Amino acid sequence: MASPRLILWALFSLHFPVLSDGKEREEPSLERSVVRNEEGVIEVGSSLPHCVKLAAGEPLALQSGGDVVIGGLFPLHYVAPKQDQSYQSKPQLKPCRGFDHRAFRWIMTMVFAVEEINRNLSLLPGVHLGYRIMDSCDHVQTGLKALLSLVRETIDRSTQSQTLPTCLADSPVPAVIGLASSSPTRAVAHTLGPFNFPLVSYFATCTCLTDKSKYPSFLRTVPSDLFQVRGLVQMVTYLGWFWVGTIGTTDDYSHYAIQEFSSQFRQQGGCLAFHLTTPKSPTAGEIQEMADRIQSSTAVVVVVFATEGQLLDLILELAQRNATGIQWVASEAWVTASLLTSPRFHSLLEGTLGFSFPGVRIPGLKEFLLNIRPSPKPGMAFVNMFWEELFRCRLEFKGNQSADANYKGAAEKPVCTGSEDVKDIDSSFTVVSQVRVSYNVYKAVYAIAHALHTLLNCDSGEHYGRCENRKTFTSRQLLQHLKKVNFTNQFEEKISFDSNGEPVPLYDIINWQKDSKGEIRFIKVGSYDGSAPLKEQLQIKQSTIVWTSGQSEVPASQCSSPCSPGSRQARRPGEPHCCFDCLPCADGEISNQTGSTECTKCAEYYWSDRDQVKCVAGVEEFLSFHDIMGIILVTLTLLGVVLTTIVTAVFQRFRSTPIVKANNAEISFLLLLSLKLCFLCSLVFIGQPSVWTCRLRQALFGVSFVLCLSCLLVKTIVVLLAFHANAPGSRALKQFGLSQQRTLILCTTAPQIILCAGCLLGAPPFPFKNPNYHASTGKIVVECKEPWPPGFYLVLGYIGLLAFVCLILAFLGRKLPDTFNEAKLITFSMLIFWAVWISFIPAYVSSPGKFTVAVEVFAILASSFGLLLCIFVPKCYIILLRPQRNIKKGMTRKYLT
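Read on for a plain summary of the structure. Just so we're clear, the structure is a prediction, and the values are computed from it rather than from any experiment.

## Description of helix α7 (residues 252-267)
Thought 1: In this model α7 runs 23 Å from its N-terminal to its C-terminal C-alpha over 16 residues, within 8% of the 22 Å that 1.5 Å per residue would give.
Thought 2: Considered for burial, the residues of α7 that qualify are Asp-252, Tyr-253, Ser-254, Ala-257, Ile-258, Phe-261, Ser-262, Gln-264 and Phe-265.
Thought 3: If you follow the buried residues of α7, they end up packed against α5 (182-192), α6 (225-238), β13 (243-249), β14 (271-278) and β15 (301-304).
Thought 4: Where α7 terminates, the next one or two residues include Gly-269, which has phi positive at roughly 95 degrees.

Below you can see the structure in the form of structure tokens.
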């Protein structure tokens, strides 16, 4: 047996003669198309068009003769017959199930377009178009079988009607309009491609069909899914949906569309919560499992690429469960499917949003559809099927093939007469106010007609305005002219095909809304133009949209709620990036938008506010004269200066007294001066640091304390030498006179002066704004930066060295026998000094910000007060309150108490 490819090769290598019966177009003929009966009602196939069975087991065909016959493949049924597995000599042909009213409208739209062209005197003048339409059952095998029957050259004469024009026996169809679904279309297009046989689809949108190397003769009046997917991704992300589920089927249309949608959606930052695939013949358990997955998901938005027939079982299951709150996003395959607008689906599908082809109102189409009637005449099977489906009845015409073949148990239904009025029944068949897929069929017929018009030289030649009706042509020639078609139809739409055989990608955005009668209507709420600039492609009127369950607000579909300003997203391990936790921004960082993935670090010297949503200028912090701490320290400083001044005045007033003389008055005055400088140097540490205050701080502090300790060192040495001077023959005190004491003070102070001068010249301190402190409060500490920290520690170390020498010498002279032993007082003062400064070092290192300065000032004041009180207060006490002891005898215990 020859393969279908070989048979087709024999068929397609033939030429297609244009035959004419020699009659003018205006003359009526029973052999042509649609005629009116005595009552003026259109009967499809009074004699013709009619259905004929082409051979034993061949499918039915709606057919009308003509000079050129256009083929058609339509999914009149959406459930294909199951293959008979029984071993019989002749396999039984099982009928298709699930009559599709919408597909029947597509068929009749093709008939209407052919008749409209035949009445048009300017398009194909002198050429009568015919048609031959078959049912593909929306299935690959059935579609291929219908194709073979459609393009076969010979007709079984035993079943041929007497009124069938003989031209059909010699004229196979030169082009086919079809199919609806992508998988059957791929199979047919792949079969026709090697023979350059034109196939014009009105509903197959799979991107895979763009491949001209596989499908060279395929064209379509519907845009590729590539553009629809782009538009759907733009719409979904525009509405803020980044967590969605997808539902598809096992066919090519769904596979390629969802694959492309997933890829582009992820590029825009979206995530798929789930993807479900509806099997070809799903079981009840599989449907229930899919419904469970949808209801358990946190994704509210579900994008579906499927036909209404493929989706019906799942929608029925969800409707039975009274599932609500699902925002359906529909592809063009089912967004205008009236099959799903039944009242039982309203609560589930109201608010559905999706892309559809642009809709128009074709003048005269509704009247044409409303006037069809069933008939017992041959070739009325399709119409009779429709009639019995629409009115839920049975026709008792003799030889009614539709009732006999497709409706078991029809005897239980009431009998219908054929006089019923189609207007009385609501059906998608008569919904033609805005036809979309039907319009694509309409455009396909006109595109082929215009290609034939050019091919047959209808506008040129000796007889202008009449085609060369005896010209022969091949399918390849028709295909070449079809690719070059370029005309504007009555709806002001430009009809043409690009290099891939596709039209301009235009879509309407459709929303399912209830009208005042409670019925679902398809309302246009926007548009998408794939040929426009990117920012102008999507146009949507969001305020006019009704969302799922009749809501007025856009439903939120998210795995995790967007993070509020002041926080950032932190992905959950092992989950999509749309699933995350929200963590507050760290100190010094902000996020001022909802859903921020990262926090932004504030600029230098700026800080995050309390809510961490904006950066504010940091508050400069330093030990101010206006702070409570600053006021206290200034008060203590002034108190120390006043006390030192008082002591100096007392010593000046009583400098001739023995107690003042005995303590070396000159050194005492120098010590009081150095103590006053120690008190005063603390003022340099308070207030906003400047260049000069930073340079003077440590220098004044270091020199003042060294001078003070030098004086104490001299005093301690003098006390020790005075004790030894009482020994016979001792000249130690005379050798350590006033000049020697001054020299010692100068020598011990000079290293500190040199060290401080070197630090100031080599690495002078400078004001520095340190934003690292007080991070929680956003305060910037203004402090003095030490470029060379070892210099500061050398200053402290030298002070410590002198204090240690003083402590040792004073400790050695603490038990001298004099009544007033200054060595004891120096010992106590050095112990306080050491206690203060030993505590100062760890406190200084660990204190933050301005407290560092406060600790140092406190250490200066504490040690200064310790020296002042321990050394001079006892002397002032004797001078002022015990004058009787301020005598030479009193100094040596030789006085009366």
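After that view, the rundown keeps rolling.
## Focus: the pattern of salt bridges
Thought 1: Inspection of every chain in the model, using the stated rule, returns 17 salt bridges.
Thought 2: In this structure, the salt-bridge partner of Arg-321 is Asp-292, at a minimum N-O distance of 2.4 Å. Placement of the pair is Arg-321 in the loop between α9 (308-320) and β16 (327-330) and Asp-292 in helix α8 (residues 284-296), with a sequence separation of 29 residues.
Thought 3: The closest approach of N and O atoms between Arg-436 and Asp-508, which form a salt bridge, is 3.0 Å. Within this pair, whereas Arg-436 is found in the loop between α13 (401-406) and α14 (437-455), its partner Asp-508 is found in strand β21 (residues 506-514), the two being separated by 72 residues in sequence. For the pair shown, Arg-436 and Asp-508 are each scored as buried.

## Regarding a nonpolar patch on the surface
Thought 1: A surface patch of nonpolar side chains, amounting to about 550 Å² of accessible area, comprises Leu-801, Phe-804, Val-805, Ile-808, Phe-811 and Leu-812.
Thought 2: Within the secondary structure, Val-805 sits in helix α22 (residues 789-812).

## Observations concerning unusual backbone geometry
Of all residues except glycine, most have a negative phi; of all peptide bonds, most are trans.
Thought 1: Following Gly-178, the chain continues into Leu-179 via a peptide bond in cis, with omega recorded as 0 degrees.
Thought 2: Although it is not a glycine, Asn-457 adopts a positive phi angle of roughly 55 degrees.
Thought 3: Counting through the fold element by element, Asn-457 comes out in the loop between α14 and β18 (472-473).
Thought 4: For Asn-457, a relative accessible area of 25% corresponds to the partly exposed category.

## Notes on the sheet that holds β16
Thought 1: Strand order in the open sheet made by the 8 strands is β14-β13-β15-β16-β17-β21-β22-β23, with mixed pairing throughout. Here the strands that pair on one side only, and so sit at the sheet edges, are β14 and β23 (538-540). Pairs of neighbouring strands in the sheet enclose a mean axial angle of 25 degrees, with direction left out of account.
Thought 2: Taken together, the 4 bridges between strand β17 (residues 353-356) and β21 define a ladder with antiparallel strand orientation. By the bridge assignment for β21, Phe-355 is matched with Ile-509.
Thought 3: The strands touched by α7 are β13, β14 and β15; relative to β13, the strand with the most contacts, the crossing angle is about 165 degrees.

## Brief notes about the sheet that holds strand β31 (residues 766-770)
Thought 1: Read across the open sheet, the 3 strands follow the order β30-β32-β31; overall the sheet is mixed. The open sheet has two free edges, formed respectively by β30 (619-621) and β31, since each of these has just one partner strand. With strand direction ignored, the average angle separating the axes of adjacent strands in the sheet is 30 degrees.
Thought 2: In this sheet, strand β32 (residues 779-785) lies alongside β30 in parallel orientation, the contact comprising 3 bridges. If you follow Glu-620 over to β32, its bridge partner there is Ile-780.

## Here we look at the packing of aromatic side chains
What characterises a pair of aromatic rings is the spacing of the ring centres plus the angle enclosed by the ring planes.
Thought 1: In the structure shown here, the tally under the stated rule is 32 aromatic pairs.
Thought 2: Seen from their ring centres, Phe-261 and Phe-265 are 5.4 Å apart, and the 15 degrees between their planes marks the pair as stacked. Of the two residues, Phe-261 and Phe-265 both sit in helix α7, 4 residues apart, roughly one turn of that helix. For the pair formed by Phe-261 and Phe-265, the shared burial category is buried.
Thought 3: Aromatic ring contacts, followed pair by pair, group Phe-74, Trp-106, Tyr-202, Phe-203, Phe-355, Phe-357, Tyr-507 and Tyr-528 into a single cluster.

## Let's talk about the environment of Leu-801
Thought 1: The residue Leu-801 is located in helix α22 in this model.
Thought 2: Exposure remark for Leu-801: the relative accessible area of 47% places this residue in the partly exposed category.
Thought 3: A sequence separation of 92 residues divides Leu-801 from Leu-709, and the C-alpha atoms of the two residues are 9.8 Å apart.

Basis of the calculations
- Residues numbered from 1 in each chain as written.
- Predicted model: local features only at pLDDT ≥ 70, side-chain atom pairs only at ≥ 80, totals over all residues.
- Heavy atoms only, no water.
- Helix = DSSP H or I, 4+ residues; strand = E, 2+ residues; numbered from the N terminus.
- Expected span 1.5 Å × (residues − 1).
- Buried < 20%, exposed > 50% of the residue type's maximum accessible area, 1.4 Å probe, protein only.
- Contact = heavy atoms within 4.5 Å.
- Salt bridge = Lys/Arg side-chain N within 4 Å of Asp/Glu carboxyl O.
- Patch = residues over 30% accessible without salt bridge, like charges linked within 9 Å, V, L, I, M, F, W, Y side chains within 5 Å.
- Areas by Shrake-Rupley, 256 points an atom, 1.4 Å probe, with all protein chains shown as cover.
- Pairing = 2+ DSSP bridges.
- Axes fitted to C-alpha atoms, helices over the stretch in contact; angles between N-to-C directions.
- Phe/Tyr/Trp six-rings, centres within 6.5 Å; stacked < 30°, edge-to-face > 60°.

The values reported here are purely geometric and, on their own, carry no functional implication.
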